[in-house]
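# Descriptive analysis of the structure
Take a look at the letters that make up each chain.
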Amino acid sequence: MSSQLPNRITSPPWWQLLNWIADPIGFQEKYSQKYGDIFTMRLSGLGSFVVIGNPQVIGAIFSQDSHFDVGRANKLAEPLVGRNSLMLLDGARHRRERKLLMPPFHGERLQTYALAICSITEQVASQWQVNQPFVARTAMQQISLEVILQIVFGLSEGERYRQLKPLLTEWLDMTDSPLRSSMLFLRFLQQDWGAWTPWSQMKRRQRHVHELLQAEIEERRNNLDEGRTDVLSLMMAVRDENGQAIGDEELRDELLTILFAGHETTATTLAWAFYQIHQQPDVREKLLQELDSLGENSSPMKIAELPYLTAVCQETLRMYPVIPVLFPRITKSPVKLGGHLFEKETTLMPSIYLVHYREDLYPNAQQFKPERFLERQYSPNEYFPFGGGSRRCLGYALAQLEMKLVLATVLSKYQLALAEDKPVKLQRRGFTLAPTGGVRIVMTGTKQKSVVLQKVVG
Ligand code: HEM
C-alpha cells in the first residue's frame, strides 16, 4: 500500500489554482478522465487536495468522521462567516454547537415555516409582469433571503430590516463572478489597499452587517419576548448541558453562516429547477398534473410529500451541485482508504460532482431525468447533495421544503417560459456554482386560480 498522494496533477500549482477558480467542473472532468476517480491537485498557497469521486471511499470518510478535522480546512470562509462559525469548528465544540442549532431546522419546527415560505413566494411572484423577462436566480434570491430574514433572523419590517436586506445582497454580489470570487482564494488580494479596493469594500460592508446584527441581538436581550419563534430567539434561549447560552459573537457568526450557507444555495438550485422544468415539456406536464391532483385539504407538508415534485428536486440537486466539492477533510492520523494510505495531515475532498455524474450510477448522467429517483434508491455515498456524516448540511430539510413549496406555489399559479433559447452553463459565484446569466424567464400568463395556495392558505 502506497503512502504517496495518488495521481498527482503535474502542472504548476499556480496554474491549477487559476483553473480551479475559473472552472472547477471542467477541471474535475479533465483530470478524472485522465486519472480516474481519485487524483491530487496542488493549489498555490493553499496546499494539496486529494479529490475523490469514488463512492466507497466517500462512504468510508462519512462513517469515520472522528478521523478528520473539517473546521480548520474551511479557513477560507472565515472572512465571510467569522471564526465562531459552525463551519470552522471541530471536535467537541462543533458537536455542541450543532446540537444547539439543529432543532430549529428539523421536525415540527419546519412546518411552522411552511406558510411563511408560500406567502413570501406569492409576494415576490406577484411583481412579475406578463411578457417582461426576469432573472430567475435574482427572484429566487429575493425569496430565499426573505425566508432567512423572517424565519431565522425574525426580521420582516423596521429600519434595521430595511438596511440589512440590500446590504446583504450587495455584500454577497461582491463575489458574483469567477474574477470577483478570486479574492476569496488569493490571500494577496485580501489586503486593505484603500477605500475603493474590493477587499476593503468587502470588509466595510461586513462591519456594517456586524453592527446591525449586534444591535438586533442587544435589543432582543433587553426586550425578551418568549413568544417569538424565529431561529435567533430560539438560539438565544437554548442552554447546553452546563447551562451555558450562546455568546453574542457566536450568535452573530452563526447567523451569518446560516445566511451564507442557506440562501444562495437554495436560490441557485431553484433557478436550475425552473430552467430544467421549462426546457422539458414532459417534466413540466407531469409536475403540473401532480400539483392539480392535490386533494381539497392539502397542507404544505402534503405538497412536500409529492413523489414527482420530490424527484424533480432530487434530480436538480444531483445535476447542479451548488458546491462542487464537499468541505475538505484533514486526516488527524494515518488513514487507509480504497487501497491508499493517507498520512496524517492529508486533505481529502469528496466530490459531489464526480459521483453525481458517474455513468455506472446515473446512466445518461448529462440528462435531466427525475424518474431515476422514482425507479431506484440511492445510498448516502452515491447521492449526497447535502454532504454527509457529522458535517451534513444543517439546513437540508429546510432547503428541500423551501424548494418544493416555491415550485408548487409558482407553477400552480403562473405560466412561465424560458426567455432565451440557449443552453445555460455553470459559473463560479464565490464558493458556489451558479447558472451563467441566472436563467432568464418570462411570465406568459396566470392561471384562473392558484391551486396550491388556495388550498394552503384557505
Ligand atoms: C439547496 C440548498 C443547499 C445545499 C445544496 C447545501 C449543501 C451543503 C453542503 C454540500 C454542505 C457541506 C457538507 C459536507 O461537507 O459534508 C453544507 C453545509 C452546511 N449547510 Fe447547507 N446546503 C443548502 C442549504 C442550506 C440551508 C438552507 C442552510 C441553513 C438553514 C444550510 C446550512 C449549512 C451549514 C450551517 C453547514 C455547515 C455544517 C457543519 O459544518 O456542520 N445549508 N451544505
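Data block above holds the structure.
So, a few notes on the structure that sits alongside this text. (Residues numbered from 1 in each chain as written. Predicted model: local features only at pLDDT ≥ 70, side-chain atom pairs only at ≥ 80, totals over all residues. Heavy atoms only, no water.)

## Concerning the site of the ligand
Convention followed: Residues are labelled near a given molecule or strand when at least one of their non-hydrogen atoms is within 4 Å of it. Polar contacts here mean pairs of N or O atoms no more than 3.5 Å apart (in protein, one a potential hydrogen donor and the other a potential acceptor; neighbouring residues in sequence count only if both atoms are side-chain atoms). The numbering of helices and of strands both runs from the N terminus, where a helix is a DSSP run of H or I of at least 4 residues and a strand a run of E of at least 2.
Within the structure, the ligand sits among 28 residues, and His-94, Arg-98, Arg-329, Arg-391 and Cys-393 are positioned closest to it. Residue Arg-98 places a side-chain N or O atom 2.7 Å away from an oxygen atom belonging to the ligand. Phe-327 has a polar backbone atom sitting 3.1 Å from an oxygen atom of the ligand. For the shell around the ligand, the secondary structure elements donating two or more residues are helix H5 (91–101), helix H12 (248–279) and helix H18 (396–413).

## As for the packing of helix H6 (residues 108–125) against H18
We count it as follows: Angles shown run from 0 to 180 degrees and are taken between the N-to-C directions of axes, each axis being a line fitted to C-alpha atoms and, for helices, limited to the stretch in contact. Angles below 35 degrees are treated as roughly parallel, those above 145 as roughly antiparallel, those between 65 and 115 as roughly perpendicular, and all remaining angles as oblique. Handedness of a crossing follows from how the near helix is turned relative to the far one, being left-handed for an anticlockwise turn of less than a right angle and right-handed for a clockwise one. Residue contacts follow a heavy-atom distance rule, with two residues in contact if any of their heavy atoms lie within 4.5 Å. Under the grouping applied here, Gly and all other residues not named as nonpolar or charged are polar, the nonpolar ones being Ala, Val, Leu, Ile, Met, Phe, Trp, Tyr, Cys and Pro and the charged ones Asp, Glu, Lys and Arg.
Packing of H6 against H18 brings their axes to within 9 Å, and their N-to-C directions diverge by 40 degrees. Comparing their axes, H18 and H6 come out oblique. Crossing of H6 over H18 shows right-handed handedness. Along its contact with H6, which presents Leu-110, Tyr-113, Ala-114, Ile-117, Cys-118, Thr-121 and Glu-122, the element H18 presents Ala-397, Leu-398, Leu-401, Glu-402, Leu-405, Val-406, Thr-409, Val-410 and Lys-413. Per-class residue counts for the contact of H6 with H18 are eleven nonpolar, two polar and three charged.

## A few points about the nonpolar core
Soluble, globular proteins show a tendency: their nonpolar side chains are buried together. Note the following rule: As used in this record, nonpolar core signifies buried Ala, Val, Leu, Ile, Met, Phe, Trp, Tyr and Cys residues forming a set joined through side-chain atoms within 4.5 Å. Here's how the labels work: a residue is buried when its accessible area is under 20% of the maximum for its type, exposed when over 50%, partly exposed in between, all with a 1.4 Å probe on protein chains only.
Counting 139 residues, the largest nonpolar core has Trp-128 and Phe-153 as the members making the most contacts within it. A per-element tally of this core places H12 first, with 14 residues. Excluding residues within four positions of it along the chain, Trp-128 makes contact with Phe-134, Ala-139, Met-140, Val-410, Leu-416 and Met-443.

## Details of unusual backbone geometry
The backbone phi angle of Asn-7 is positive, close to 45 degrees, even though this residue is not glycine. Within the fold, Asn-7 resides in the segment before helix H1 (13–22). Backbone geometry places Asn-364, a non-glycine residue, at a positive phi of 50 degrees.

## Considerations on the sheet that holds strand S5 (residues 329–331)
Here is the rule we go by: Only strands joined by at least two bridges in the DSSP assignment are considered to pair.
With mixed pairing, the five strands of this open sheet are ordered in space as S1-S2-S8-S5-S3. The outermost strands of the open sheet, each flanked by one partner alone, are strand S1 (38–43) and strand S3 (68–69). In this structure, S1 lies alongside strand S2 (residues 47–52), joined through six bridges in antiparallel fashion. Looking at the pairing, Ile-38 lines up with Ile-52 of S2.

## Overview of the coordination of the iron atom of the ligand
Put simply, the test is: Here the term donor refers to an N, O or S atom within 2.8 Å of the metal (or 3.2 Å for Na, K and Ca), and because water is left out of the atoms, sites may appear incomplete.
For the iron atom of the ligand, the protein supplies a single donor, Cys-393 (SG), at a distance of 2.3 Å. Positionally, Cys-393 belongs in the loop between helix H17 (372–375) and H18.

## Focus: the environment of Ala-92
Positionally, Ala-92 belongs in helix H5. For Ala-92, a relative accessible area of 52% gives the class exposed. Here the alpha-carbon distance between Ala-92 and Ile-117, two residues 25 residues apart in the chain, equals 34 Å.

## Overview of the sheet that holds strand S4 (residues 134–135)
Taken in spatial order, the three strands of this open sheet run S4-S12-S9, and their pairing is antiparallel. In this open sheet, the two edge strands, each paired with only one partner strand, are S4 and strand S9 (414–418). When S9 meets strand S12 (residues 440–446), the two strands line up antiparallel, connected through five bridges. Following the sheet pairing, Tyr-414 is matched in S12 by Thr-446. Set on the sheet, H18 makes contact with S9 and S12; between it and S9 the angle comes to about 100 degrees.

Structural measurements only, silent on function.
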